[in-house]
Each structure stands twice: as C-alpha cells, then as structure tokens.
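An overview of the molecular structure
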Amino acid sequence: MPSVAVAGRADLTDAQWARLAPLLPPVSKIGRPPKWPKRQLIDGIRWRIRVGAPWRDVPDRYGPLQTVYGLF
C-alpha cells in the first residue's frame, strides 16, 4: 500500500530560508531563468538525506530528480 507524503512537514521554514538564501550563489543573469526554485530543490535534497531513500524516490513536488541531484 503506497503511503501519502505529508507536504512540507520537515521543509525549511521561512526563518531558516531567510538565513540560508544569502549564502547561496546568485542566479545568473545570462541564459535561461531557472525553472525550479532553489528552496524547493534544497527541500528535496533534505528529504532524500533525512529519509535515506534512493534518488528515484524523491517526491515530484521537489522537482525532477535529475535537477535535485544536480544541485546536490
């Protein structure tokens, strides 16, 4: 029986994101703008590390697994 993941249960809070965001490299002004927000991808990385699941099991709400892994 598949389980339903609780959305946002352990995702970054606004306060945590406010402290982390300035430490990330700025988005490049050249080229195509990013399709997925960094916060969403980082939450996907954190989910995968916390759960210990394979990359292919990262929920779709965090973005494509190749994009999440690429940021990792």
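Quick caveat, the model's predicted, so the values are computed rather than measured. (Residues numbered from 1 in each chain as written. Predicted model: local features only at pLDDT ≥ 70, side-chain atom pairs only at ≥ 80, totals over all residues. Heavy atoms only, no water.)

1. Describing the overall build of the protein chain
For the protein chain, the helix and strand inventory stands at three helices and zero strands. Listed by position from the N terminus, the elements making up the protein chain come as α-α-α. With 72 residues in all, the protein chain has 22% of them scored as buried. At a minimum sequence separation of 6, the contacts of the protein chain that also span at least 24 residues come to 46%. (Helix = DSSP H or I, 4+ residues; strand = E, 2+ residues; numbered from the N terminus. Buried < 20%, exposed > 50% of the residue type's maximum accessible area, 1.4 Å probe, protein only. Contact = heavy atoms within 4.5 Å.)

2. Structural notes on the side chain of Asp-43
Examined against the element boundaries, Asp-43 turns out to sit in helix H2 (residues 38-51). Polar side-chain contacts of Asp-43 include one of 3.0 Å to the backbone nitrogen of Leu-12. When near neighbours in sequence (up to four residues on either side) are disregarded, Asp-43 contacts Asp-11, Leu-12 and Tyr-62. (Polar contact = N/O pair within 3.5 Å; in protein donor to acceptor, adjacent residues only side chain to side chain.)

3. Focus: H2
Taking 1.5 Å per residue as the helical rise, H2 with its 14 residues ought to reach 20 Å, and the 20 Å between its terminal C-alpha atoms agrees with that figure. Along H2, the residues that are buried comprise Leu-41, Ile-42, Asp-43, Gly-44, Ile-45 and Trp-47. Elements that come into contact with the buried residues of H2 comprise helix H1 (14-20) and helix H3 (65-71). Positive backbone phi, approximately 80°, marks Gly-52, located one or two places after H2. (Expected span 1.5 Å × (residues − 1).)

4. Topic: the pattern of salt bridges
Scanning the model with the defined rule gives two salt bridges in all. The closest approach of N and O atoms between Asp-14 and Arg-39, which form a salt bridge, is 2.9 Å. Note that Asp-14 is positioned in helix H1 and Arg-39 in helix H2, a separation of 25 residues in sequence. Residue Arg-39 is classed as partly exposed on the basis of its relative accessible area of 23%. Between Arg-46 and Asp-43 there is a salt bridge; the shortest N-O distance is 3.9 Å. Taken together, the positions of Arg-46 and Asp-43, both in helix H2 and three residues apart, correspond to about one turn of that helix. Judged by relative accessible area, which is 32%, Arg-46 ranks as partly exposed. (Salt bridge = Lys/Arg side-chain N within 4 Å of Asp/Glu carboxyl O.)

5. Things to note about the packing of aromatic side chains
Counted under the stated rule, the structure contains three aromatic pairs. A centroid spacing of 5.1 Å and a plane angle of 75° characterise the contact between Trp-55 and Tyr-69, whose relative ring orientation is edge-to-face. Of this pair, Trp-55 sits in the loop between H2 and H3 while Tyr-69 sits in helix H3, and the two are 14 residues apart along the sequence. On the basis of relative accessible area, Trp-55 is assigned to the buried category, the value being 15%. On the accessibility criterion, Tyr-69 (47% relative accessible area) is partly exposed. Seen from their ring centres, Tyr-69 and Phe-72 are 6.3 Å apart, and the 35° between their planes marks the pair as tilted. Under the relative-accessibility criterion, Phe-72 is labelled exposed at 55%. (Phe/Tyr/Trp six-rings, centres within 6.5 Å; stacked < 30°, edge-to-face > 60°.)

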